[in-house]
Structure formats: structure tokens, C-alpha cells
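For reference, the chains in residue letters:
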Amino acid sequence: MSDGFYILSVDGGGFRGLFAAHLLKRIEEEWQIDWRDRFRLLAGTSTGSILTAGLACGLPAARLAEFYRVHGAAIFAPRFRSRLDVLNLFTSRYSNARLRALLDETFGETTLGEVGVPLVLPAVDIDNGCVHVFKSKFHDEFVRDPKVRVSDAVLASCSAPTYFDPHLVGDYQVVDGGLWANNPSLVATIDAHYRLGIPLENIRVLSVGTGTSKTFYPRSAGKWRDRLVRSWQGWGIASRWQRSKLLDLILNLQSANAHNMLCLLLGESPRDPKRVLRLTFESDHPLPMDSTHKQSEWVTKADHAFTHNAARITDFLSIPGATR
């Protein structure tokens, strides 16, 4: 086994977290991976916080994948008042009540101070307009979060604007960390280096995404249509703004930028890094965060990513005797 300091990082992406969950399940079952033993720091944003917090608390990836398959439709069931408020002018699209209950059931009363491995869950403090990173007690200076329940930290990190209401954690009103760290790999690496004193050359990052759309605001075909659409293409509600699509674009750009910056920090090319293994997929179609009817598609894409990257995964993790 390599002496490298391994970090597991999982992006946000709503129900597309099923892709990451199933991929982690395949890795876990194929090579009997003990995530808390093999990885020295875990970081997850939004839906990724469910997965990394679960693994940090000793839950198998199979159970976490089941969490999405069984409960996804209930979590993303439109609330009654959002049906009346069709433009979501006054309310979030979904209630967080079901997600809150499921997280309470999954994590119980476990606090961040009781998590035995380094865990990093990015969020945003909207009262003060600043980043808010929930962390387990892996450094003596971390005194704010030890008594915070894991379920509260995860719910806060999952509270994507327009999708779910902000979550109150103590005195802090907190929302989705994807606004600044949808891909938390860079945040995790900096903590490992700065807080734990790990040399950058020793760090290895398994970075799991949840898919990237290559289409957001395409130009319409035809000269007359171009002119007509362009005249209505502002950011207004009645035009092509589509707030959920705009949020998805912001999250995708943040994830790509974090990956590039991480590779450069480690002295590597983002196109062919050796110490960062990025596993995700691309699509020519929009990838909404709440499309629970695409369950089979995300599982299939995860199987495809696993199969086509199995050799890279074994090399990256230095799994002895692993062949495919």
C-alpha cells in the first residue's frame, strides 16, 4: 500500500448523488475498501456531504446508495405551496422536512466531535455573507462544531438556494456549500496541508463528481430566431433565465475551477494529473438536480465509469494484486 495521504472528495449535485453513491459502492465491494482506514480525510458538499459523512460514520456505500434509490422521490416531492407559487417567488421548491427526518434517522444524535476521522463539509453562512465549513474535531483549534449534530451539518450543506430553505444551526443560518465549494477537493487539500501538516507531494485525491452538462444557454438556429431570442434573452423570469439552470451552471463552473486549481497547486496539469483522479461524466443535455426519474440512468453511468476506470482506480489507490 502506498504511503500517500489519500483524500476522498465528493461534489454536490442533488439526486445525481446517486451516481457517486453507486460508484463508491462498486469500488467498496470490488476491493473491500474500508473508507475510514484507506482515506485519511473525507470532504463532501451538498449531496456529497451525505455520502462522505455517512462513510465517516461507518456506513457502507451500499446503504448510502439505497438512501437515494428509496427516498429520492420523497425528498424532491414538490410542496403544496410551491405548486401555488409556480414561479417560486415566495417559497423554496421543496420542503426539507423529509430530508431532515431521514438524516436524523441515518445519523441519530452523533455529533461532529464524535466522528473519528477528519471530515470537511462546506456550507455558507448567509447572515454574515461568508463561508462556513463544518469540520470534525481533527485539530485543536476547531472549537465551534464539536457539539453540532452530523445530521444538522449535512442538512445545511444540502440546502441549495431555490430548492430548500436555509437551515438554522445554532446561531447560524446556513445554506449549500456548493455556492463556493461544490467540488470540495481544493478545500480538503488545503486543510490537509495547513492543518495536518501533510506535504503537498504526499497528497492523493480521489475526486468524485456528479456529472457535467455541456449545454446551458445555446444560441438558437436561424438568423431571425437569433435576433428575436436575443432581444428576450435577459435575466428576467419571463425570458431564458431559468433559475435552476443558472444555479447548475454556477455549480459546474465552480467544480471545474476547483479541479484545475487543485491540480496546479499540486504542480500537475489538469488535463493529465497523476495525484488527482477525477471520476464523473459529461452530458449533452441539462442535468437537473431533482430529476429522480433518472435513477436508472445515474446507476448505469456509474457502472460505466467504474468499468472504464477500474485499472486507473487500482493504480491510483495502489491496491495490491488487483487486476481486471
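Residues numbered from 1 in each chain as written. Predicted model: local features only at pLDDT ≥ 70, side-chain atom pairs only at ≥ 80, totals over all residues. Heavy atoms only, no water.

Going by the annotation in an unreviewed UniProt entry, the name recorded for the chain is Sporulation hydrolase CotR, with Candidatus Methylomirabilis lanthanidiphila given as the source organism.

**Student:** With reference to specific residues and values, describe the UniProt feature "active site" (unreviewed entry) in the chain.
**Tutor:** The residues that UniProt annotates with the feature "active site" (unreviewed entry) are S46 and D176. A compact arrangement is adopted by the annotated residues: their sequence extent is 131 residues, whereas the largest C-alpha distance between any two is 5.8 Å. Examined against the element boundaries, S46 turns out to sit in the loop between β2 (41–44) and α3 (47–56). What makes S46 buried here is its relative accessible area of 4%. Among residues more than four places away in sequence, those in contact with S46 are G12, S157, C158 and D176. Here D176 is to be found in strand β6 (residues 172–176). (UniProt positions renumbered as here; feature names shortened; annotations may be inferred. Helix = DSSP H or I, 4+ residues; strand = E, 2+ residues; numbered from the N terminus. Buried < 20%, exposed > 50% of the residue type's maximum accessible area, 1.4 Å probe, protein only. Contact = heavy atoms within 4.5 Å.)

**Student:** Tell me about the UniProt feature "short sequence motif: GXGXXG" (unreviewed entry) in the chain, and name the residues and values.
**Tutor:** As recorded in UniProt, the feature "short sequence motif: GXGXXG" (unreviewed entry) lies at residues 12–17. Across residues 12–17, helical content stands at 17% and strand content at 0%; the span's end C-alpha atoms are separated by 7 Å.

**Student:** Which residues make up a nonpolar patch on the surface, and what values do they have?
**Tutor:** Side chains of I190, Y194 and L265 sit close together on the surface and give an oily, nonpolar patch of about 320 Å² of accessible area. Looking at where Y194 falls in the secondary structure, it is placed in helix α9 (residues 185–194). For Y194, a relative accessible area of 62% puts it in the exposed group. (Patch = residues over 30% accessible without salt bridge, like charges linked within 9 Å, V, L, I, M, F, W, Y side chains within 5 Å. Areas by Shrake-Rupley, 256 points an atom, 1.4 Å probe, with all protein chains shown as cover. Salt bridge = Lys/Arg side-chain N within 4 Å of Asp/Glu carboxyl O.)

**Student:** Kindly report on the nonpolar core, identifying the contributing residues and their values.
**Tutor:** Ranked by size, the top nonpolar core spans 72 residues in total, and within it L8, L23, L24, W35, F134 and V154 carry the most contacts. Sort the elements by how many residues they give to this core and helix α12 (residues 295–317) lands first, with nine residues. In this structure, F5, A181, V205 and C263 belong to the second largest nonpolar core, which totals 19 residues. (Core = buried A, V, L, I, M, F, W, Y, C linked by side-chain atoms within 4.5 Å.)

**Student:** Could you give me a rundown of the pairing of strand β9 (residues 276–279), with the residues and numbers involved?
**Tutor:** What you see with β9 is no split at all: V276 and R278 on one side and L277 and L279 on the other are buried throughout. Relative to β9, strand β7 (residues 203–208) is paired through four bridges, and the arrangement is parallel. Within the sheet, the bridge partner assigned to S207 lies in β9 and is R278. (Pairing = 2+ DSSP bridges.)

**Student:** Which residues make up the packing of aromatic side chains, and what values do they have?
**Tutor:** Counted by the stated rule, this structure contains 13 aromatic pairs. In this arrangement the basic side chain of R38 is found over the ring face of Y6, its NZ or CZ atom lying 4.3 Å from the centre. Just above the ring of Y163 sits the side chain of R93; from NZ or CZ to the centre is 5.0 Å. (Phe/Tyr/Trp six-rings, centres within 6.5 Å; stacked < 30°, edge-to-face > 60°. Lys NZ or Arg CZ within 6 Å of the ring centre and 35° of its normal.)

**Student:** Help me get a handle on α12, residues and values and all.
**Tutor:** Its 23 residues give α12 an end-to-end C-alpha distance of only 28 Å, which falls more than 12% under 33 Å, the value for a rise of 1.5 Å per residue. The largest bend along α12 measures about 65 degrees and falls at N309. For α12, the complete set of buried residues consists of W298, V299, A302, A305, F306, N309, A310, I313, T314, F316 and L317. Considering only its buried residues, α12 is in contact with β1 (5–10), α1 (17–31), α2 (35–38), β7 and β9. At the C-terminal side of α12, S318 shows a positive phi close to 50 degrees. (Expected span 1.5 Å × (residues − 1). Bend = angle between axes of the 7 residues up to and from the residue.)

**Student:** A description of the pattern of salt bridges should follow, citing residues and the corresponding values.
**Tutor:** Where charged atoms from two side chains of opposite charge approach closely, those side chains can pair. Scanning the model with the defined rule gives 15 salt bridges in all. As a salt-bridge pair, D104 and R149 come within 3.0 Å of each other at their nearest N and O atoms. Pair noted here: D104 is in helix α6 (residues 97–107) and R149 is in the loop between β4 (130–135) and α7 (150–158), with a separation of 45 residues, a long-range link. Across the pair R149 and D152 runs a salt bridge whose closest N-O atoms are separated by 3.2 Å. In this structure, R149 and D152 share a single accessibility class: buried. Several salt bridges share partner residues, and in doing so they unite D104, E109, R149 and D152 into one network.

**Student:** Could you give me a rundown of the side chain of T189, with the residues and numbers involved?
**Tutor:** Mapping T189 onto the fold places it in helix α9. Among all residues touching T189, those that are not within four sequence positions of it are I7, L200, I203, V205, L262, L265 and L266.

**Student:** Break down the packing of α1 against α12 for me, with residues and values.
**Tutor:** Interhelical geometry of α1 versus α12 gives an angle of 45 degrees and a closest axis separation of 8 Å. When the axes of α1 and α12 are compared, the pair comes out oblique. Remark: the crossing between α1 and α12 carries right-handed chirality. Facing L18, F19, H22, L23, R26, I27, E30 and W31 of α1, the residues of α12 in contact are Q295, W298, V299, K301, A302, D303, A305, F306, A310, I313 and T314. In the contact of α1 with α12, the residues fall into twelve nonpolar, three polar and four charged. (Axes fitted to C-alpha atoms, helices over the stretch in contact; angles between N-to-C directions. Parallel < 35°, antiparallel > 145°, perpendicular 65-115°, else oblique. Left-handed = near helix turned anticlockwise from the far one by under 90°. Nonpolar A, V, L, I, M, F, W, Y, C, P; charged D, E, K, R; others polar.)

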